[in-house]
Each structure stands twice: as structure tokens, then as C-alpha cells.
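Summary of the model geometry
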Amino acid sequence: MTVRATLRGTERTPLEGDEARADVLICGASFAGLAVARELAGAGADVLVIDRYEIGERQTSACAAPTPWLHAMGVRDAIRQELPCMAFHTPHGSARFRLPWSWSSFDYRTLCRELWAQCGDARFAIAKVERRQGDVVVTDRGELTAPLIVDALGWRRILGPGENVQPPEARISRGLEVHPDGGGVDLDVWIDRSLVRYGYAWSVPAAGEQRVGVGSYEPRHHVKEPTKEIARRLEVDAVRYQGNWFPHALRPAAEDGVFFAGDSAGHCFPLSGEGIRTAFYFGIACGRELRRVLAGETTRAEALAAYGRFSASHTRAFGIALRLQRLVPALPPRLLTALLAVIGRERPCRRAFTWYLDQAHPRFARSRTSHVPVRADERV
């Protein structure tokens, strides 16, 4: 699959004239930014996507998502391995869950390029965003202007008003993982305080690769040694490190004239730390509001308000997950083991994981308001 060439390639020459102006400027070319651009395909607008790296570079997560979402987004070719079961482990036992839907690990570069191929005539440029001044975004390649601006740059929320709160004061978690050769059939999760006091460890098989890591809800707690320890316990090499911060609290999705999507709006579920499908979900919602503005159906101010309300309508679900994030580390380990055994039974498991998927369901990508067609063989 070919990615359309960047403006002036990767040279650090200034962007000037028509190159520096657009109807919609999307800052960030990962899951959320590409979902927004994908939703604008065929809108007849000049859409410019910028990122400091080429599309598909700099993977920062284990790259696993609910399989129905990958099908709904038309990126099934990126799937490395489907995982129908999850296994939860504590020092006192394990519970294996067969889910009502499956996870799939995927190749980050392939997925991003598949999404980009669906973005119509959108343009892409490599540029590092520095700050915003009204409708002007200042980058290392010059000033870019657009009446509609999206911040999909991640938890730093660079285009937001005021100072950005940095770790460890920010309401964020931290994660680190290694990518040794390996395998498996389940998505494994360890809740073990000898590894990490507030958080969990994971192993995600990806067809010959094993993505092994640790996430801590407490940003002051380092995760490199715990990551090396879980790799040692699994008898795999601690190689090819990658990591990132990720939010665990919603933030305003519309503020000071800017649309925020993905981690910049806190669109990452507490407890699980899952942010890929929510980036798709809220990115689509953002794109649909932008499309209405471009069609003259609403104003920018009205679209900002509507998108902000849509994001805020999920406050209760995110709040439940955040309370569980605080509760689980406080439970006695034997009680937690017993609860996991109960939840692992068919009926409780189905109810719990159906609720979880419903908070950002793939049907949203396939609704009649979606502007990207879904092939008949992708419908569920």
C-alpha cells in the first residue's frame, strides 16, 4: 500500500502559500487524527494532516483493539492475530474468560496506512507543532492557518489554552513494553502488587511477536524494572522497548475554538488503559461535526458545542471505570482472585464485556451518518 507523498517530502523547508492554508487542519496522524480525516473523505474540503513523523511511524502501544472495530474501520489487513480469550492472573490463581467479542493485535504501520488510504484527497506534511495563536498553528515549518483545527496530538494537549500540566501532576498513567519473539493464544493480564502496586502487566501475542509490558496508574512509579521482571518471568527477552503516557480522565473535547480527539481529550478508558477504539470513536464523531460545518449545516461554534456535549455524555461510563481503577488495587488479593473467578463465568463475563464494548460500540462507525462505505463482508 502506498502512502501519498508528504508536502515537499521530509525536508524542513517552510510551508508557504496554499500549502500553509487549509479548510481543516488536523494535528496528529495516529488513531484519532486519521479517524477524523477518514470521516472527511469526499467532503470537498481541503484537509491538511500534520505530524512530526511519517504516517505509521513511532508505535507507542501494544496495538490491540476489539476485532469488530478493526473490521468496521476497514483495516482487517493489519490484523496480526485474533484473541478470543483473556486470562487474568493474580498471585493466588487465574481465570480465563471467553469474551462475547474478540481482541486482535495488529501491525501499527499497516493500520495507519490503511486508514490513510481511506482519507480521500487529504494532504499530509511532516511538521512539529509548537503552539497555537487563534486560527494559526505555529510549527517548525512555519505558520499554518485554518478555520477548523483539530488537536489529536496526545495527552500534552498542545493546542489547548493555558499551561499544559506535566507528569507527575497530570492525571495520566504510564506504560512500557518490550517486543520479544514469542507467542500465545490469549491476551494475558497480571494484577500482581509484587510487579506494580497500582496497575497491571500484560502479554499480547501478535503472530510470532509477544508484546509484554506494565502500566502504572501512578505516574510517579517507574515501570522499567517491572517490565524487565515480567519478561523474566515469561522467559522472554527484554528487547525493543517502547512506552508512553496515557490519560485516565476526560478533558473538554471542545475548548477555545479547537476540537480535541483521542488522548488530548482524555479519550482513554481508565482501568484498562484502552485508547485505540475510543480514538476511532470520538475521531469519527469529531469528523462528522466538522463535515456538517463544511456542508453549511451548522456553524463552528455550534459544532464545537455539539461535539463537546457528545464527549461529555460519556462521563458516567468513564467515571465508573475510574472508580474501578481506584478500587481494584485496594482489594485484598484473595478477594480479587475470587471476584475474577465469578466474573469469568459465562453470564457475568458476557454482561460485563458487552457493557464495556457498548461504551464505544463499532456500530457507531457503520451508522447511516458514516461517510465511508462498509463492505458487505464486514457487517456483523
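Computed from a predicted structure; not experimentally measured.

A short note on a positive patch on the surface
A surface patch of positive charge is lined by Arg 52, Arg 58, Lys 128 and Arg 156. Note on Arg 58: relative accessible area 53%, which makes it exposed.

With respect to the packing of aromatic side chains
Summed over all chains, the structure comprises 22 aromatic pairs. Measuring from centroid to centroid gives 6.1 Å for Trp 116 and Phe 124, while their planes differ by 70 degrees, and the two rings are edge-to-face. Residues Trp 116 and Phe 124 agree in their burial class; the two are buried. Residues Tyr 281 and Phe 282 carry aromatic rings whose centres are separated by 4.9 Å and whose planes lie at 85 degrees to one another, so their mutual orientation is edge-to-face. Like Tyr 281, the residue Phe 282 is buried in the burial classification. Put simply, the rings of Phe 31, Trp 69, Phe 106, Tyr 108, Phe 269, Phe 280, Tyr 281, Phe 282, Phe 310, Phe 318, Tyr 356 and Phe 364 pair up and form one aromatic cluster. Between Arg 288 and the ring centre of Phe 364, over which it is positioned, the NZ or CZ distance is 4.5 Å.

Examining unusual backbone geometry
Even without glycine at this site, Glu 235 takes up a positive phi of about 60 degrees. Structurally, the position occupied by Glu 235 is in the loop between α4 (224–233) and β15 (242–247). We classify Glu 235 as exposed; its relative accessible area is 74%.

Brief notes about the confidence of the model for the chain
Per-chain confidence: the chain averages 91 in pLDDT, with 93% of residues scoring 70 or above. Per-residue pLDDT stays below 50 along residues 370–380; that stretch engages in 18 contacts with residues further than four places along the chain or on separate chains.

Considering helix α3 (residues 108–117)
Every buried residue of α3 is listed here: Tyr 108, Leu 111, Cys 112, Glu 114, Leu 115 and Trp 116. Turning to α3, the residues buried within the fold contact α1 (31–39), β2 (47–51), α2 (67–72), β5 (93–106), β6 (123–126) and α5 (276–294). Capping the start of α3 is the job of one residue whose side-chain oxygen sits 3.5 Å from the backbone nitrogen of Arg 109: Asp 107.

Points about the state of the cysteines
Counted by the stated rule, this structure contains 0 disulfides. The thiol sulfur of Cys 63 is not disulfide-bonded, and the nearest other cysteine sulfur, from Cys 112, lies at 7.7 Å. The class for Cys 63 is buried, based on a relative accessible area of 1%.

Focus on the pairing of β6
Of the two faces of β6, the one lined by Arg 123 and Ala 125 and the one lined by Phe 124 and Ile 126 are each fully buried. Pairing between β2 and β6: 4 bridges, direction parallel. By the bridge assignment, Leu 48 is partnered in β6 with Arg 123.

A closer look at the sheet that holds strand β8 (residues 136–139)
One open sheet holds the 3 strands; their spatial order is β7-β8-β9, and the pairing between them is antiparallel. Only two strands of the sheet have a single neighbouring strand rather than two, namely β7 (129–133) and β9 (142–145). Between one strand and the next, the sheet's axes are offset by a mean angle of 25 degrees, whatever the strand orientation. Summarising the sheet, β8 and β9 pair through 4 bridges and their orientation is antiparallel.

Cut-offs used in this document
- Residues numbered from 1 in each chain as written.
- Predicted model: local features only at pLDDT ≥ 70, side-chain atom pairs only at ≥ 80, totals over all residues.
- Heavy atoms only, no water.
- Patch = residues over 30% accessible without salt bridge, like charges linked within 9 Å, V, L, I, M, F, W, Y side chains within 5 Å.
- Areas by Shrake-Rupley, 256 points an atom, 1.4 Å probe, with all protein chains shown as cover.
- Salt bridge = Lys/Arg side-chain N within 4 Å of Asp/Glu carboxyl O.
- Lys, Arg positive; Asp, Glu negative; His and termini not counted.
- Charge placed at Lys NZ, Arg CZ, Asp CG, Glu CD.
- Buried < 20%, exposed > 50% of the residue type's maximum accessible area, 1.4 Å probe, protein only.
- Phe/Tyr/Trp six-rings, centres within 6.5 Å; stacked < 30°, edge-to-face > 60°.
- Lys NZ or Arg CZ within 6 Å of the ring centre and 35° of its normal.
- Helix = DSSP H or I, 4+ residues; strand = E, 2+ residues; numbered from the N terminus.
- pLDDT = per-residue confidence, 0-100.
- Contact = heavy atoms within 4.5 Å.
- Polar contact = N/O pair within 3.5 Å; in protein donor to acceptor, adjacent residues only side chain to side chain.
- Disulfide = S-S within 2.5 Å.
- Pairing = 2+ DSSP bridges.
- Axes fitted to C-alpha atoms, helices over the stretch in contact; angles between N-to-C directions.

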